[in-house]
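In case you want the letters, here they are:
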2 protein chains.
Amino acid sequence: MQNAQTLVSQYLEAFNETDADRRRELLEALYTPDCTYTDPQVDLRGAEQIDGFIEQTQERFPGFTFTLGGPIDAHHNQVRFTWHAGPSDAPDDFVGFDVIVAEEGRIRNVYGFMDAAPAA
Amino acid sequence: MQNAQTLVSQYLEAFNETDADRRRELLEALYTPDCTYTDPQVDLRGAEQIDGFIEQTQERFPGFTFTLGGPIDAHHNQVRFTWHAGPSDAPDDFVGFDVIVAEEGRIRNVYGFMDAAPAA
């Protein structure tokens, strides 16, 4: 993966993009048409579903920012990394871990897991 | 994944199975026909290639045993876990991490990463 760092950056950027048009444009360019996104809560297919999920996440957690939690580890068409999310005064309230599988430079699959979340 | 624990156990068992016929039988039952296995060193497709890779691994590291390194974390059709491998006097010489994606109870994709290896 020549562009793994960029792909991961854009992946997180999409979660932070609150302008609906810009986000949709970003997602369409970033993901393959048959992409999947699966984390403990959701199992999505295609950029439109992912867009809707990000919109819901932003409504549920206003002001949250998603950031990279450490170095990425990439080889072949796959990359693993940890991410943080939270409000500005607790930026790592949520800690997650994803494996992204790419195809021709775009995201084909996201396999997400959770490592930490604040007590509900 | 109802059978994630079993799938991971059988996945590791196949690495430890030195009887070629039994291993091939196990792999054919465990993996889907279009399965993939990708770690930092190899990018394989199909049970035959995986079988050949396991055979080479056993020849390169005779007497090594692969074991589960901790609890598995499964949801939907995906599971993550850490594995250990090594000789009986250093069973966690090698530490790896895999995400397995299943389809109808069989392994469709293995996305492997390395966490530790002895200095060469």
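Structure: above.
Residues numbered from 1 in each chain as written. Chains lettered and ligands numbered in written order. Predicted model: local features only at pLDDT ≥ 70, side-chain atom pairs only at ≥ 80, totals over all residues. Heavy atoms only, no water.

Q: Could you give an account of the packing of aromatic side chains, with specific residues and numbers?
A: All told, the structure shown has 24 aromatic pairs over all chains when counted by the stated rule. Aromatic pair Phe15(B) and Phe66(B): ring centres 4.8 Å apart, planes at 40°, arrangement tilted. Here Phe66(B) lies in strand β3 (residues 65–68) and Phe15(B) lies in helix α1 (residues 4–16), a separation of 51 residues in the sequence. You can call Phe15(B) buried: its relative accessible area is 5%. Judged by its relative accessible area of 13%, Phe66(B) falls in the buried class. A network of ring pairs unites the aromatic residues Tyr11(A), Phe15(A), Tyr37(A), Phe53(A), Phe66(A), Phe81(A) and Trp83(A) as a single cluster. (Phe/Tyr/Trp six-rings, centres within 6.5 Å; stacked < 30°, edge-to-face > 60°. Helix = DSSP H or I, 4+ residues; strand = E, 2+ residues; numbered from the N terminus. Buried < 20%, exposed > 50% of the residue type's maximum accessible area, 1.4 Å probe, protein only.)

Q: Explain the side chain of Thr32(A) residue by residue, including any values.
A: Residues and elements named next belong to chain A. Among the structural elements, Thr-32 can be located in strand β1 (residues 31–38). According to the relative accessible area criterion, Thr-32 is buried, its value standing at 5%. Side chain to side chain, Thr-32 and Asp-34 meet in a polar contact 2.9 Å long. If we ignore the near neighbours within four places in the chain, the residues touching Thr-32 are Glu-103, Arg-106, Ile-107 and Arg-108. (Polar contact = N/O pair within 3.5 Å; in protein donor to acceptor, adjacent residues only side chain to side chain. Contact = heavy atoms within 4.5 Å.)

Q: So what about the layout of surface pockets? Which residues, and what values?
A: In this model, the largest pocket occupies a volume close to 680 Å³. Lining of the largest pocket is provided by 31 residues; of these, Arg108(A), Asn109(A), Tyr111(A), Arg108(B) and Asn109(B) occupy positions nearest its centre. Of all elements in the fold, only β1, β2 (43–45), β6 (94–103) and β7 (106–116) of chain A together with β1 (31–38), β2 (43–45), β6 (94–103) and β7 (106–116) of chain B reach the threshold of two or more residues within the lining of the largest pocket. Of the residues that constitute the lining of the largest pocket, the class distribution is eight nonpolar, 12 polar and 11 charged. (1 Å grid on protein atoms, 1.4 Å probe; cavity = no way out; pocket = protein on both sides within 12 Å on 5 of 7 lines; lining within 4 Å. Points joined across faces, edges and corners; volume = space filled by probe spheres on them. Nonpolar A, V, L, I, M, F, W, Y, C, P; charged D, E, K, R; others polar.)

Q: Any chance you could break down the pattern of salt bridges for me, citing the residues and the numbers?
A: All told, the structure shown has 18 salt bridges over all chains when counted by the stated rule. With a closest N to O distance of 2.9 Å, Arg24(A) and Glu28(A) form a salt bridge. Separated by four residues within a single helix, Arg24(A) and Glu28(A) lie in helix α2 (residues 20–30), roughly one turn from each other. Here Arg24(A) falls in the partly exposed class, since its relative accessible area comes to 28%. As a salt-bridge pair, Arg23(B) and Asp51(B) come within 2.7 Å of each other at their nearest N and O atoms. (Salt bridge = Lys/Arg side-chain N within 4 Å of Asp/Glu carboxyl O.)

All we've got here are geometric facts, nothing functional implied.
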